[in-house]
Amino acid sequence: MIHELRDLTEEQFAIVATARAFADEHVRPFSAQWDRDSHFEPSLIKKLGDLGFLGMLLPVEYDGLGLEAKSYLLALEEIAAADASVAVMMSVHNSLPTQMLNAFGTEAQKRRFLAPMARGELLGAFALSESDAGSDASAIRCQARREGDDWIVDGTKAWVTSGTHAGVVIAMIRTDTPDDRRRSKGISAFILTPDLPGFTVAKKEDKMGLRASPTVQLVFDGMRVPGDRMIGVEGQGFIYAMQSLEHGRLGIAAQSVGIARAAFEAARDHASERKQFGQPIAEFQGIQFKLADMATRLSAARALLHMTAAAKDRGVLVPGEVSMCKLFASEMAMWITTQAIQVFGGYGYVKEYPVERYFRDAKVTEIYEGTSEVQRIIIGRAVSKE
Ligand SMILES: Cc1cc2nc3c(=O)[nH]c(=O)nc-3n(C[C@H](O)[C@H](O)[C@H](O)COP(=O)(O)OP(=O)(O)OC[C@H]3O[C@@H](n4cnc5c(N)ncnc54)[C@H](O)[C@@H]3O)c2cc1C
C-alpha cells in the first residue's frame with residue numbers, strides 16, 4: 001500500500017529504504033531457517049550497529065543518531081516484516097536499557113556503556129520479570145544487600161530477551177530490606193555485565209514463536225556489583241522501568257505492524273496466484289472482504305502508532321495513549337495473521353510458507369511488555385479519570 005510511505009520526510013524515506021535493503025539482504029533470506037534452528041545470528045548486532053540502528057533514539061554525543069520516534073519505529077517495522085525475532089532484539093535494545101541509561105545514567109555510565117551500545121559493540125537487555133512476578137512486576141524478589149561500597153545480589157530473573165548475548169543487562173533488583181518492605185519503592189536499577197562474579201545465563205526457553213530470539217533466565221548467586229553500577233536514585237528503579245516501557249510498548253506496536261504487514265502481503269499475493277473453481281481466489285468477494293479488512297486494520301494501527309510517536313516526541317502524551325497503541329496493534333497483528341492462514345488454506349498450516357511463523361510470532365505481542373489485560377487496566381483507569 002502506497003500511503004504508508006506517503007507522508008514521510010526525505011530523511012524518514014531514506015531510513016525506510018535503508019532498513020528495507022538491510023532486511024532484504026541480511027535478514028529475510030535466512031528467517032525461516034533461523035526459526036527452524038532457534039538460531040540467534042550474532043553478526044546482526046555489529047551490522048545493525050554499523051547502520052546506527054542500535055542507537056537510533058540516542059543523542060549524537062553518545063554516538064546515537066538522535067532521531068525522533070517515528071523514524072525509529074519505521075525502521076523497526078521494516079525489520080519486523082522480515083523477522084520478528086530480530087525486531088525484538090532491536091526494540092528491547094533501543095527502547096529499554098539504552099533509554100533508561102540515557103535518561104537516568106551518570107555521565108561516566110553513559111560514556112562507559114551507552115556509547116558502545118549505540119555503536120553495536122554491546123547489546124542491551126532488560127531484566128524486570130521473575131517467575132512469580134510478571135504482570136505484578138513490583139512483586140519481584142531478586143535481592144541486593146550492601147557490603148561496603150558494593151552490592152551482593154541473589155535471585156533469578158526470568159524471560160530475559162537477548163540474555164545470551166547481552167553485554168549490558170539493566171536489572172531491577174530489591175534494595176529494601178526484609179524488615180522494611182516498600183513494594184515498588186524498594187526496587188533499584190543496576191547495570192549488570194556478564195563478567196560479574198556470580199552472574200550466570202541459565203535456562204533458555206523453548207518458545208512457540210520468536211524462536212530466533214533467545215529468551216533466558218539469569219541466575220545471580222552472591223553476585224558482587226560495584227556501587228557505581230546503580231542507575232539514578234536508590235528505590236526509583238521501578239519508576240524508571242515503567243517510564244522506559246513507554247518506549248518499549250511503542251516498539252512492540254511497531255513490531256506488530258511489521259508482522260501484520262508481512263502476513264497481509266503474503267495473503268494478498270497468494271490470493272492472486274491460487275486458483276480454485278477456475279479463477280484466482282482473490283476474485284471471490286469472500287476473500288476480497290478479508291483482504292479489505294486486513295488492510296484497513298493494518299493502516300489504522302500504523303496511523304495510531306505514528307500519531308502516538310509524534311505526541312511522545314512533542315512531550316504531550318496523555319495517560320493510556322501508549323497502551324492503546326500497543327493493545328490495538330498487537331491484537332490487530334494476531335487477527336491479521338489468523339486471517340492470513342485462512343487465505344492460504346491448508347498451505348497456511350505448514351512450514352513451507354511463512355504465514356504460520358507470522359502467526360506464532362504475533363501471539364507474544366499480546367503478552368510481553370504488559371499483556372492485553374494489563375493495557376486495558378491502564379487505559380480503563382485513564383479514561384475513567386477523564
Ligand atoms: C518471549 C518473551 C520475552 C520476554 N522478554 C522479557 C524481557 O526482556 N524482560 C522482562 O523483564 N520480561 C520479559 N518477558 C516477560 C513478560 O513481560 C511477561 O511474560 C508478561 O509481563 C506477563 O507476565 P506473566 O507471564 O508472568 O503472566 P501473568 O502475570 O501470570 O499473567 C497470566 C494471565 O493473567 C492475566 N492477569 C494478570 N493480572 C491481571 C489483572 N490484574 N487483571 C486481569 N488479568 C490479569 C494476564 O493478563 C495473563 O492473561 C518476556 C516474555 C516472553 C514470553
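The residue count restarts for each chain, going from 1 along the sequence in the order it is written. In keeping with the predicted nature of the model, local features appear solely for residues at pLDDT of at least 70, side-chain atom pairs appear and are counted solely at 80 or more, and the whole-chain, interface and lining totals rest on all residues.

Q: Which residues make up the overall build of the protein, and what values do they have?
A: The helix count covers DSSP runs of H or I at least four residues long, the strand count covers runs of E at least two residues long, and both are numbered beginning at the N terminus. Looking only at helices and strands, one finds 12 helices and 10 strands in the protein. Only C-alpha atoms enter the radius of gyration, while the globule expectation follows 2.2 Å times N to the 0.38, with N the number of residues. Whereas a compact globule of 386 residues would reach a radius of gyration of roughly 21 Å, the protein reaches 21 Å, a difference of no more than 12%. Each of the three principal axes of the protein carries a C-alpha extent, and together these read 80 × 50 × 40 Å. The exposure label follows from counting other C-beta atoms within 10 Å of a residue's C-beta, where the C-beta atoms are placed from the backbone and the thresholds are 20 or more for buried and 12 or fewer for exposed, leaving partly exposed in between. The buried share of the protein, taken over its 386 residues, is 49%. C-beta atoms are first placed from the backbone for all residues, and any pair lying within 7 Å is then listed as a contact. Summarising the internal contacts of the protein: among those between residues at least 6 apart in sequence, 74% fall at separations of at least 24.

Q: Any chance you could break down the packing of helix α10 (residues 321–344) against helix α12 (residues 372–385) for me, citing the residues and the numbers?
A: Following both chains from N to C, one finds α10 and α12 inclined at 145°, their axes separated by 9 Å at the closest point. As α10 packs across α12, the resulting crossing turns out to be left-handed. Between α10, through S323, M324, K326, L327, S330 and E331, and α12, the contact on the second element is made entirely by S372, Q375, R376, I378 and I379. Looking at the contact of α10 with α12 residue by residue, the classes come out as four nonpolar, four polar and three charged. As a rule, the C-alpha atoms of each element are fitted with a line to give its axis, helices using only the stretch in contact, and angles between N-to-C directions run from 0 to 180 degrees. Crossings are sorted by hand: turned counterclockwise from the far helix by less than a right angle, the near helix makes the crossing left-handed, and turned clockwise it makes it right-handed. Note that Gly is not counted as nonpolar here; it falls among the polar residues with everything else outside the nonpolar set of Ala, Val, Leu, Ile, Met, Phe, Trp, Tyr, Cys and Pro and the charged set of Asp, Glu, Lys and Arg.

Q: With reference to specific residues and values, describe the site of the ligand.
A: A residue counts as near a molecule or strand when its C-beta atom, positioned from the backbone, falls within 6 Å of it. In the region of the ligand, 22 residues are neighbours, and G134, S135, W159, T371 and E373 sit closest. Going through the elements one at a time, β1 (124–127), β3 (150–161) and α12 are the ones with two or more residues in the shell around the ligand. By residue class, the composition of the shell around the ligand is 12 nonpolar, seven polar and three charged. Throughout, the edges of the domains are those of an automatic or database domain assignment. In this structure, the shell around the ligand is formed jointly by two domains, domain 2 (125–235) and domain 3 (239–385), each of which donates at least three residues.

Q: If you had to explain the domain arrangement of the protein to someone new, which residues and values would you point to?
A: Segmenting the protein into domains produces domain 1 (2–123), domain 2 (125–235) and domain 3 (239–385). Placing a centre on the C-alpha atoms of domain 1 and another on those of domain 2 gives a separation of 24 Å. Tallying the contact residues gives 24 residues for domain 1 and 19 residues for domain 2. Top element by residues in the side of domain 1 that touches domain 2 is helix α5 (residues 84–95). It accounts for five residues.

Q: I'd like a description of the pairing of strand β5 (residues 187–192), backed by residues and values.
A: Counting buried positions over the six residues of β5 gives six, a clear majority of the element. Burial along β5 is two-sided: the face carrying I187, A189 and I191 and the face carrying S188, F190 and L192 are both buried. Whether two strands pair depends on DSSP finding at least two bridges between them. Where strand β4 (residues 168–174) and β5 come together, six bridges link them in antiparallel fashion. Bridged to R174 within β5 is I187. Two strands pair when backbone bridges link them, and β5 and strand β8 (residues 230–231) are joined in this way by two bridges, in the antiparallel orientation.

Q: So what about α5? Which residues, and what values?
A: Between the first and last residue of a helix there are one fewer steps than residues, each counted as 1.5 Å, and that sum is the expected span. Counted at 1.5 Å a residue, the expected span for α5 with its 12 residues is 16 Å, and the 16 Å between its end C-alpha atoms agrees. Taken across its 12 residues, α5 has 12 buried, putting it largely inside the fold.

Q: Go over the packing of helix α4 (residues 69–82) against α5, please, and point to the residues and values.
A: Contact geometry of α4 with α5 gives a least axis separation of 7 Å together with a crossing angle of 155°. Considering the angle they form, α4 stands roughly antiparallel to α5. Across the interface between the two elements, Y72, L76, I79 and A80 of α4 pack against A84, V86, A87, M90, S91 and N94 of α5. Partitioning the contact of α4 with α5 into residue classes produces eight nonpolar, two polar and no charged. Angles below 35 degrees are treated as roughly parallel, those above 145 as roughly antiparallel, those between 65 and 115 as roughly perpendicular, and all remaining angles as oblique.

Q: So what's going on with unusual backbone geometry? Which residues, and what values?
A: Positive phi, normally seen in glycine, also occurs at W159, with a value near 60°. Tracing the backbone shows W159 in strand β3. Of the residues examined, W159 has 20 C-beta atoms within 10 Å and is grouped as buried. Not every positive phi belongs to a glycine, and E369 is a case in point at roughly 55°.

Q: Could you give me a rundown of the nonpolar core, with the residues and numbers involved?
A: Residues enter a nonpolar core if they are buried, belong to Ala, Val, Leu, Ile, Met, Phe, Trp, Tyr or Cys, and are joined to the set through C-beta atoms within 7 Å. I79, V169, M172, A263, L305 and A340 are the most contacted members of the largest nonpolar core, which has 119 residues in total. The greatest single-element share of this core, amounting to 17 residues, is contributed by helix α8 (residues 237–273). In this structure, V169 is in contact with A125, A127, V160, L192 and L218, ignoring residues within four places of it in sequence.

Q: Describe the environment of M332, with residues and values.
A: Along the chain, the position of M332 falls in helix α10. For M332, a count of 26 C-beta atoms within 10 Å corresponds to the buried category. Each C-alpha atom, one on M332 and one on D136, is 25 Å from the other, the two residues being 196 residues apart in sequence. Those residues in contact with M332 that sit more than four places away from it in its chain are S256, A260, R297, L298 and A301.

Q: Can you break down the environment of I152 residue by residue, with the values?
A: If you trace the backbone, I152 turns up in strand β3. On the neighbour-count criterion, I152 (16 C-beta atoms within 10 Å) is partly exposed. On a C-alpha basis, the gap between I152 and K207 in space is 32 Å, while along the polypeptide they are 55 residues apart. Contact partners of I152, with chain neighbours within four places excluded, come to A144, R145, E147, G222 and R224.

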